[in-house]
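# Inside the fold
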Amino acid sequence: MTIARRPPSGPVRFGAYELDIATGALHKNGIPLHLPPQPARVLSLLASRAGEIVTREEIHQKVWGRETFVDFDEGLNRCIRQIRDALSDEAGESRYILTIPRRGYQFIAALQDAAHASIAVLPFADFSSSRDQEYFADGLTDALITSLSKIRALSVISRTSVMRYKQTRKALPEIARELGVSAVLEGSVAREGGRVRITAQLIEAASDRHLWAEQFEQELGSILGVQSEIARAVSKHVHVQLLPREQSRLDNVRSVHPTTYETYLRGMHYLSRATMADTLKGLEYLHQAVEDDPADAQAYAGLALGYVTVAHSSEARADSLNRAKAAAKTALRLDPQSAEALAALGEAQGYLDWEWDEAFRNFDRALEIRPSHANVYYHRAWFHALFGRMPQAIRDHEEAKRLDPLNPLHIAWLGELYRWEGRLEEARAEAVRSIEISPDFPVGYFVLSLLAFYDGRYEESMSELEKAARRAPNWYWALGPACAEANRIGEAREILAKLEQEPRTPWNVHWLVYLHAALGELDAAIRYLDQGPHHAWIPGVRVLPWPGGDALRADPRLPEYLRRMNLPPLG
């Protein structure tokens, strides 16, 4: 058993947990856990002496002091049970607290300083002679991000943000400052037939000093082994200690079928381009990949991700979440450690099956495997919001933004959560920032419209909604509920007439619910709420503070719909 060195006196990480030794505050994947004061002090003491046996007498002296405590043994045993419950630690198969019979206890987990290293993997340059391998170079970048983001002690910036620096002329220290990282990994890839040559170099951000550089040349089938070698080198040179399971994961990599892997990379390349046409093209490639190799868990996980993306869009299909769920389950049967498949399954379990506890468990499992997975934090934030747990929702959303700071999705929707909490200046700043980063992304305009609407500035609100609709035509329907509540009934009814002529897609049904509710036509709103096909946003009827939402929540029939969706009653 490898025992960790003695940790610092401040925040430390172990497994999915973070403990502030000074205060006893305990979090799991960023979510605070309740631990009473005495068990918290016992845990802090054991963690501060990680690897040492702390006797029962020492615990009595340091936690209870000179206080006379007749039932000390029972009190300490109760504290240990509470600690084990908080850490989901079984006494017989302990990962954290080891009982030393008749002596005391020993903290046995590997500890990392919570102020750990951070890195951005910049887009690898394509030096292939054919110059048509951009998708392959981008795929390698994405794969390295995924490999590194499974190392708990390393914060890794997500793909969406780093791809904005493709072919940039900015200096590396400037990029590092913008992304908030301490190191940058960059390099190039040249593919010639079945062989791949990769050059990688690691640079310390503050000094622009090279920490490590190496060149690899392998057959395409061995590409995952190269990615693991690079991840090991990075962890070593940024002084990060790998946990045993992380080391095992990097040691045990599979070979890939070259044709299937190439098809998979093409599919993921198109998925990353964010337009619906590209997403659908990416799904075609991924379906081809799983046909070529039905045992490829990675391709199935890519399919699941693609269908989740569709399910959350204005182009959602009635079967999007069902397809995501089926692909995720197949991926997990082939690879139970697929964080991407766990995340996609969690989405379907929540928004499709309304099995929220299972969904949260799979989100937590995904973050245990891949702690720097920004999208999981983002989606878990909205699950917390559905249950009214706004501090946890905002904390998760802020973590998503920290890991993906230039993604307008995370910025604009964080602004919307700030608006819910009355943090209006912060909400406006996030919405404006998302538009600065991506002027064609509609959500920033939507948040600005809501800020204006609930301040009584209806003309400004409609103007912002029209901007959103010009960039994404399906957002035009959001004008309907706003017009209705602004007493522009004629315009609202014109929009309703157009919307009712449209196909019954999940997105359209969602807006029919809110538009009828805003018009006071609650029977029709409830009818559409009951009919489906349901968009992933439908459970939001419990909380979304949008035009039409208050009328829905005042309807005496809504509690029955919340019960069906396994959501708590309105508090």
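Just so we're clear, the structure is a prediction, and the values are computed from it rather than from any experiment.

Side chains carrying opposite charge are able to pair once their charged atoms draw close together. Within the structure shown, the criterion is met by 43 salt bridges. A salt bridge links Asp73 to Arg56; the nearest nitrogen and oxygen atoms lie 3.3 Å apart. With Asp73 in helix H3 (residues 72-87) and Arg56 in helix H2 (residues 56-64), this residue pair connects regions lying 17 residues apart in the sequence. Of the residues examined, Arg56 reaches a relative accessible area of 17% and is grouped as buried. Residues Arg553 and Asp550 are paired through a salt bridge, measuring 3.2 Å at the closest nitrogen-oxygen approach. Taken together, the positions of Arg553 and Asp550, both in helix H25 (residues 549-554) and 3 residues apart, correspond to about one turn of that helix. According to the relative accessible area criterion, Arg553 is buried, its value standing at 18%. We classify Asp550 as exposed; its relative accessible area is 54%. Linked through salt bridges whose partners overlap, the residues forming this network are Asp530, Glu560, Arg563 and Arg564.

A sheet is described by the order of its strands in space; here 3 strands give the open sequence S5-S7-S6, paired in antiparallel fashion. Each having just a single partner strand, strand S5 (53-55) and strand S6 (97-100) make up the two edges of the open sheet. Here the strands of the sheet are splayed against their neighbours by 30° on average, with no regard to which way each runs. Note that S5 and strand S7 (residues 104-107) share 3 bridges and pair antiparallel. Bridge pairing in S7 links Val54 to Tyr105. Against the sheet, helix H1 (residues 37-48) contacts S5, S6 and S7, and its axis sits at roughly 65° relative to S7.

In this section: unusual backbone geometry. With a phi angle near 55°, Gln167 is a residue other than glycine that sits in the positive phi range. As for its position among the elements, Gln167 is in the loop between helix H5 (159-162) and helix H6 (172-179). When its relative accessible area of 77% is taken as the criterion, Gln167 is described as exposed.

Judged from the 10 bridges that link them, strand S13 (residues 195-204) and strand S14 (residues 209-219) form a sheet pairing that is antiparallel. The residue of S14 that forms the bridge with Ile198 is Phe216.

Summarising the model, the chain shows a mean pLDDT of 90, and 95% of its residues fall at 70 or more. Ranking the helices and strands of the chain by mean pLDDT puts helix H19 (residues 443-453) first, with 98, and strand S8 (residues 112-113) last, with 62. When the criterion is pLDDT under 50, residues 1-8 qualifies, and its contacts beyond four places in sequence or with other chains add up to 21 contacts.

Conventions adopted
- Residues numbered from 1 in each chain as written.
- Predicted model: local features only at pLDDT ≥ 70, side-chain atom pairs only at ≥ 80, totals over all residues.
- Heavy atoms only, no water.
- Salt bridge = Lys/Arg side-chain N within 4 Å of Asp/Glu carboxyl O.
- Helix = DSSP H or I, 4+ residues; strand = E, 2+ residues; numbered from the N terminus.
- Buried < 20%, exposed > 50% of the residue type's maximum accessible area, 1.4 Å probe, protein only.
- Pairing = 2+ DSSP bridges.
- Axes fitted to C-alpha atoms, helices over the stretch in contact; angles between N-to-C directions.
- Contact = heavy atoms within 4.5 Å.
- pLDDT = per-residue confidence, 0-100.

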